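Spelled out, the chains give:
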Amino acid sequence: MDERRLTMEFEADYRNVDRARVALQEISVVCFGNDTERAADITMAAVEAMNNAVEHSGSQTITLEVAWEETELRVFVSSGGAPFDPVAAAAGLDEEEMLERDEGGYGLYLIRELVDRFEYEYRDARNIWKLYKFTGR
Amino acid sequence: MLESGGRSMDVRIEKADDVAVLIPVGNLVASEIDSFNAHIGKLLDTHSGDLLLDMSRISFMDSSGLDAVMSLNRFATAGGGVFVCAALPDNLLKVFRVTRADQKIRLAATGLEGLMMIKAQRGEQS
């Protein structure tokens, strides 16, 4: 399969996250086939990244870039705002803390647990969250 | 550029003996949380007892949705009630397992099993 790409730029609003999720779910079905669990994992992680951008970045817009081919689906979520490294923040979370947590803060932990690779870059005054999920092929 | 907008989510509320059964329909996500909480708030104005949250009609839930469920659990149990979350689709069950929420909230495979769990818990308490 040749690499295919989809880029969406939208206003930072939860309703737009819903629409982006629907688009990503359709791509995931193509990419992961019957492996619905892996498809759901990357969709969930991407939604958490987009929600975080809406809630915390202060950015007016969010960009979702999706690229997929035979072995991998990549999702990059970028937004403006001050630098925030989610990979470092998520590294400090563990099972014990999740058990003690009563509300809030599940998003970063979910991303870390649901993707195969989680990277971060700050470039051109934008935070870029990079999520990778292997197709298993 | 996408436009914002959309309709609010539906929450069916039924009674089974003294248990309030909540059946949200749609996606329990950040964009729907205000609507969900508004439905729940109305119920909790008149009901202070056991709650069963039937998730069988929820297609997708993010961490905002999980927060809402955790809040509901806290509210119900703080008032001495029993809270059970039932009929979770596989993708939602995974969210509970990954975040360890399954160890903080009673889960049942079906709504009926959830009602039986509440009844059994009531029996133990009396």
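Conventions and cut-offs
Residues numbered from 1 in each chain as written. Chains lettered and ligands numbered in written order. Predicted model: local features only at pLDDT ≥ 70, side-chain atom pairs only at ≥ 80, totals over all residues. Heavy atoms only, no water. Helix = DSSP H or I, 4+ residues; strand = E, 2+ residues; numbered from the N terminus. Rg over C-alpha atoms; globule rule 2.2 N^0.38 Å. Buried < 20%, exposed > 50% of the residue type's maximum accessible area, 1.4 Å probe, protein only. Areas by Shrake-Rupley, 256 points an atom, 1.4 Å probe, with all protein chains shown as cover. Lys, Arg positive; Asp, Glu negative; His and termini not counted. Charge placed at Lys NZ, Arg CZ, Asp CG, Glu CD. Core = buried A, V, L, I, M, F, W, Y, C linked by side-chain atoms within 4.5 Å. Contact = heavy atoms within 4.5 Å. Axes fitted to C-alpha atoms, helices over the stretch in contact; angles between N-to-C directions. Parallel < 35°, antiparallel > 145°, perpendicular 65-115°, else oblique. Nonpolar A, V, L, I, M, F, W, Y, C, P; charged D, E, K, R; others polar. Left-handed = near helix turned anticlockwise from the far one by under 90°. Expected span 1.5 Å × (residues − 1). Polar contact = N/O pair within 3.5 Å; in protein donor to acceptor, adjacent residues only side chain to side chain. Pairing = 2+ DSSP bridges. Salt bridge = Lys/Arg side-chain N within 4 Å of Asp/Glu carboxyl O. Buried area = accessible area lost by both parts, 1.4 Å probe.

Participant: Explain the overall build of chain A here, please?
Facilitator: Regarding its fold elements, chain A presents 5 helices and 5 strands. Along the chain direction, N to C, the helices and strands of chain A fall in the order β-α-α-β-β-α-α-α-β-β. A compact globule built from 137 residues should have a C-alpha radius of gyration of about 14 Å, and chain A, at 14 Å, falls within 12% of that. Seen along its three principal axes, the alpha-carbon backbone of chain A occupies a region of about 40 × 35 × 25 Å. Per-residue burial for chain A yields a buried fraction of 51% across its 137 residues. Accessible surface, chain A: about 6400 Å² in total, of which carbon and sulfur atoms supply 45%. Between the centroid of the 15 positive side chains of chain A and the centroid of its 29 negative side chains there is a distance of 6 Å.

Participant: What exactly am I supposed to notice about the nonpolar core here?
Facilitator: The nonpolar side chains of a soluble globular protein tend to be buried, and buried together. Core analysis: the biggest nonpolar cluster contains 72 residues, and Val 75 and Leu 131 of chain A together with Met 55, Met 61 and Val 69 of chain B have the highest contact counts within it. Counting residues per element, this core draws most heavily on helix α2 (residues 36–57) of chain A, at 10 residues. Excluding its chain neighbours within four sequence positions, the residues that come into contact with Met 55 of chain B are Pro 24, Leu 28, Met 61, Val 69, Cys 85, Ala 86, Ala 87, Leu 88, Pro 89 and Leu 92 of chain B. The next biggest cluster of nonpolar side chains, apart from the first, holds 10 residues, and it includes Val 21, Ile 23, Ala 87 and Ile 118 of chain B.

Participant: Would you explain the packing of helix α5 (residues 106–114) of chain A against helix α3 (residues 90–98) of chain B in this entry?
Facilitator: Each pair of packed helices can be described by the angle between their axes along with the distance between the axes. Put simply, α5 of chain A and α3 of chain B touch, their axes get as near as 10 Å, and they point 105° apart. Here α5 of chain A is positioned roughly perpendicular relative to α3 of chain B, judged by the angle of their axes. Where α5 of chain A approaches α3 of chain B, its residues Tyr 109, Leu 110, Glu 113 and Leu 114 of chain A are matched on the opposing element by Lys 94, Val 95 and Val 98 of chain B. Its residues assigned to classes, the contact of α5 of chain A with α3 of chain B comprises 5 nonpolar, no polar and 2 charged.

Participant: Quick question: what am I supposed to make of the packing of α5 of chain A against helix α2 (residues 63–78) of chain B here?
Facilitator: With their axes 9 Å apart at the nearest point, α5 of chain A and α2 of chain B run at an angle of 125° to one another. Relative to α2 of chain B, the element α5 of chain A lies oblique. Remark: the crossing between α5 of chain A and α2 of chain B carries right-handed chirality. Together, Tyr 106, Gly 107 and Leu 110 of chain A of α5 of chain A and Ser 63, Leu 66, Asp 67 and Met 70 of chain B of α2 of chain B make up the contact between the two elements.

Participant: Help me understand α2 of chain A, please; the structure alone is not making it clear to me.
Facilitator: All names here are of chain A. With 22 residues, α2 extends 31 Å between its outermost C-alpha atoms, agreeing within 8% with the 32 Å of an ideal straight helix rising 1.5 Å per residue. For α2, the tally of buried residues reaches 16 of 22 residues, placing the bulk of the element in the interior. In the segment just after α2, Gly 58 is the residue with positive phi, at about 75°.

Participant: Mind showing me how you'd approach the side chain of Asp 50 of chain B here?
Facilitator: Residues and elements named next belong to chain B. Assignment of secondary structure puts Asp 50 in the loop between α1 (33–46) and β3 (51–54). For Asp 50, a relative accessible area of 7% translates into the label buried. A polar contact of 2.8 Å, which involves the side chain of Asp 50, links it to the backbone nitrogen of Val 82. Side chain to side chain, Asp 50 and Arg 122 meet in a polar contact 2.7 Å long. Beyond its immediate sequence surroundings of up to four residues, Asp 50 is in contact with Asp 18, Val 19, Ala 20, Gly 81, Val 82, Ile 118 and Arg 122.

Participant: Honestly, the sheet that holds strand β2 (residues 61–68) of chain A in this entry has me stumped. Any pointers?
Facilitator: The pairing of strands in a sheet happens through backbone hydrogen bonds and is either parallel or antiparallel. All names here are of chain A. The strand order β1-β2-β3-β5-β4 describes an open sheet built from 5 strands, whose pairing is antiparallel. With partners counted over all chains shown, the strands left at the sheet margins are β1 (4–11) and β4 (117–123), one partner each. Each adjacent strand pair in this sheet contributes to an overall mean axis angle of 15°, direction not counted. Bridge analysis of strand β3 (residues 72–80) against strand β5 (residues 126–134) gives 9 bridges, and the strand direction is antiparallel. Residue pairing across strands places Ser 78 opposite Ile 128, the latter belonging to β5.

Participant: Looking at this structure, I do not really get the pattern of salt bridges. What am I missing?
Facilitator: Two side chains bearing opposite charge may form a pair once their charged atoms approach each other closely. Residue and element names in this part refer to chain A. If you walk through the whole model with that rule in mind, you get 18 salt bridges over all chains. A salt bridge links Arg 117 to Glu 72, with the nearest nitrogen and oxygen atoms 3.9 Å apart. One end of the pair, Arg 117, is in strand β4; the other, Glu 72, is in strand β3, with 45 residues separating them in the sequence. Judged by relative accessible area, which is 11%, Glu 72 ranks as buried.

Participant: Just checking my understanding: could you explain the interface of chain B and chain A for this structure?
Facilitator: Frequently, the measure chosen for interface size is the accessible area that the parts lose on association. Contacts between the two partners involve 31 residues from chain B and, on the opposite side, 33 residues from chain A. Summed over both sides, the interface of chain B with chain A buries roughly 2600 Å², with 56% coming from carbon and sulfur. Counting the contacts that link chain B with chain A gives 4 salt bridges. Counting every contact that joins chain B to chain A gives 8 residue pairs in polar contact (both at pLDDT 80 or more). Elements supplying a minimum of two residues to the side of chain B that touches chain A: β4 (58–61), α2 and α3 of chain B. It is α2 of chain B that provides the largest number of residues to the side of chain B that touches chain A, a total of 7 residues. A per-class count over the side of chain B that touches chain A returns 10 nonpolar, 12 polar and 9 charged.

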